[in-house]
Amino acid sequence: MPRHWVLGSLAASPLSLGLPQVSALLARLGLAGRHAVAEDLLQLVGAHVPLAQCTIFAFEAGRRPGIVAVGDRSRTQELPHIAEAYVSRFHRLDGSAAVMRDELAAAQKAGSAAPRIVLHRQCGADIQHTDYRRICYEQPQVAERLAVMALYEGRRWLSVNLYRGLEHGPFDDAGIAVVEAFAPLIVHAVRLHHTGQAVHQDLSGLLLARLVRRFPALTQRDRDVVAALMDGLSTEALALRLGLTLASAQTYQKRVFRKLGVAGQRELLALLLDGGA
């Protein structure tokens, strides 16, 4: 089997998806947390083929990839850190990066209404870079990754990466057929999720900019803390995002509340929504 191919270029899968499965996934889009879409895809596809992890990234020319969501079936708590290492250090070494470059013209011609879906297989042995292979494949005990990629708006690739653990072995023909059958649902669901996430980020950015104008003494670290609280992160998750100890995160959070004259997250939300003077 080739290392990458366009959906539909191989034999069609006999697998059919039931309406309840599709409805259950779509009903949660925009209503659950940021990473829920990756967890939901693991559960939905994993009911038909064993999977260990799911990561979703957004790629746009000239920019560092964005982490859309990650999902893990109780293998390691390190997946968020592994995803961060990938987007900051290793994404250019990924075989799928070359595939996206090669497929760009054809995908742009296909248009966003019916995106050209490309699949790419990669295992640890395909990777020459020692740290990339160790951190992203050997450390989480990944046997193989199958990426489902589609271009939207002629400029942004969304890549949904499904991982098989060493205990599962590489994808066989039956497993690939399952992923192919789910691929159209996967890419459209992730597009809707990512669009909703982008709207949330735009609104958050506007509210944060307005807050900074009212409180110019806020430092960049203060702004990062406010942005994390606006995303609904707990103190533990805030510490993880900003690379802080739990004690430091608590200190920074209290400092921000003191500077803004609020007692907690509820009053912070009210302040953000209040246009003020």
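Structure: see above.
Along each chain, residue indices are assigned from 1 in the same order as the chain's sequence is written. It should be noted that, the model being predicted, local features are given only for residues of pLDDT at least 70 and side-chain atom pairs only at 80 or more, the latter also being counted only at that level, while totals for whole chains, interfaces and linings use all residues. Side-chain calculation: all heavy atoms of the structure are included, whereas hydrogens and water are not.

Asks: Please provide a residue-by-residue account of the side chain of R121, values included.
Replies: Numbering of helices and strands runs from the N terminus; a helix is a DSSP stretch of H or I covering at least four residues, while a strand is a stretch of E covering at least two. Residue position: R121 is located in strand 4 (residues 117-122). N or O atoms closer than or at 3.5 Å make up a polar contact, with two conditions inside protein: a donor-capable atom paired with an acceptor-capable one, and, for residues adjacent in sequence, both atoms drawn from side chains. A polar side-chain atom of R121 sits 3.0 Å from the main-chain carbonyl oxygen of F171.

Asks: Any details on the nonpolar core? Residues and values, ideally.
Replies: In these notes, a set of buried Ala, Val, Leu, Ile, Met, Phe, Trp, Tyr and Cys residues joined through side-chain atoms within 4.5 Å is what counts as a nonpolar core. Here the term buried applies to any residue with accessible area under 20% of the maximum for its type, exposed to any over 50%, and partly exposed to those in between, with areas from a 1.4 Å probe on protein chains only. Counting residues in hydrophobic clusters, the biggest one holds 36 residues, and the most contacted among them are V45, I56, V160 and L162. For this core, the secondary-structure elements that each account for two or more residues are helix 2 (36-46), strand 2 (53-60), strand 3 (66-72), strand 4, strand 5 (142-152), strand 6 (156-165) and helix 6 (173-214). Sorting elements by how many residues they give to this core places helix 6 first, with ten residues. Residue contacts are defined here by distance: any two heavy atoms, one from each residue, within 4.5 Å place the two residues in contact. Not counting residues within four places of it along the chain, the set of residues in contact with V45 comprises L51, L162, V178, V179, F182 and I186. Within the second largest apolar cluster, 27 residues are counted, among which are A85, V87, F90 and W157.

Asks: Now, about the side chain of N161: what can you tell me, with residues and values included?
Replies: Note that N161 resides in strand 6. Within the structure, the side chain of N161 is placed 3.3 Å from the side chain of S159, a separation counted as a polar contact. Apart from residues no more than four positions distant in its own chain, N161 is found in contact with Q53, C54, T55, F57, R145, L146 and A147.

Asks: Can you tell me about helix 2, naming the residues and giving the values?
Replies: Across the eleven residues that make up helix 2, a large majority, nine, are buried. A36, V37, A38, D40, L41, L42, L44, V45 and G46 are the residues of helix 2 that are buried.

Asks: Explain the sheet that holds strand 1 (residues 4-6) to me, using residue names and the numbers behind them.
Replies: Strands qualify as paired when DSSP identifies two bridges or more between them. Taken in spatial order, the six strands of this open sheet run 1-4-5-6-2-3, and their pairing is antiparallel. Strand pairing shows two members of the sheet lacking a second neighbour, strand 1 and strand 3, which therefore form its edges. For this sheet the average axis-to-axis angle between neighbouring strands, irrespective of direction, equals 15 degrees. With respect to the sheet, helix 4 (residues 95-110) is in contact with strand 1, strand 2, strand 4, strand 5 and strand 6, its orientation differing from that of strand 5 by roughly 25 degrees. Note on definitions: angles span 0 to 180 degrees between N-to-C directions of axes, and those axes are lines fitted to C-alpha atoms, for helices only across the stretch in contact.

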